[in-house]
Amino acid sequence: MSTTRSGQVDLLKELRLRRWARENYVPASERKPSWHSLVLDEMRLKDAEIAQREVFHPGKRFVPLEPMPIQAIHPAHPAPGNPNVRFDGAMNARHAYANVRHNDLIEDDERLFGLG
């Protein structure tokens, strides 16, 4: 057994024993007193964790939701309509061109820039 001179188990061995105790947990009635004291200590710690869990959730490991029947299935929502855009005098000319036909834009460009 890997122990130090003072009779204590080194850290690596202790961690392995505690992990083994967690993975192979058994109720207190099934434990043997001949097992290593660290194994028994870790299992007692797990007993305390289980007891604390039972205080908050007695007999359950989850909180079930209340079953609810489906009352009705609603039809799909209607598709959105066309957007309503309002152009007022505060908007600049570039935004106002959004509602103007393409040909009107060409005519405006020719008039403004003297192209036509």
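Use the structure listed above.
Because the structure is a prediction, the values reported are computed rather than measured.

A. Examining the overall build of the protein chain more closely. Helix and strand content of the protein chain: four helices and zero strands. Going from N to C terminus, the protein chain has its helices and strands arranged as α-α-α-α. Within the protein chain, residue pairs in contact and separated by at least 24 positions form 17% of the contacts whose partners lie at least 6 positions apart. If you sum the accessible surface of the protein chain, you get close to 10,700 Å²; carbon and sulfur atoms cover 57% of it.

B. The arrangement of the pattern of salt bridges in detail. Under the criterion given, the structure shown has seven salt bridges. A salt bridge links E42 to R18, with the nearest nitrogen and oxygen atoms 2.6 Å apart. Here E42, found in helix α2 (residues 37-56), pairs with R18, found in helix α1 (residues 11-23); they are 24 residues apart in sequence, far enough to count as distant. Taken together, the shared-partner salt bridges in this structure form one network comprising E14, R18, R22, D41, E42 and E49.

Cut-off values and rules
Residues numbered from 1 in each chain as written. Predicted model: local features only at pLDDT ≥ 70, side-chain atom pairs only at ≥ 80, totals over all residues. Heavy atoms only, no water. Helix = DSSP H or I, 4+ residues; strand = E, 2+ residues; numbered from the N terminus. Contact = heavy atoms within 4.5 Å. Areas by Shrake-Rupley, 256 points an atom, 1.4 Å probe, with all protein chains shown as cover. Salt bridge = Lys/Arg side-chain N within 4 Å of Asp/Glu carboxyl O.

Treat this as a map of the structure, not an account of what it does.
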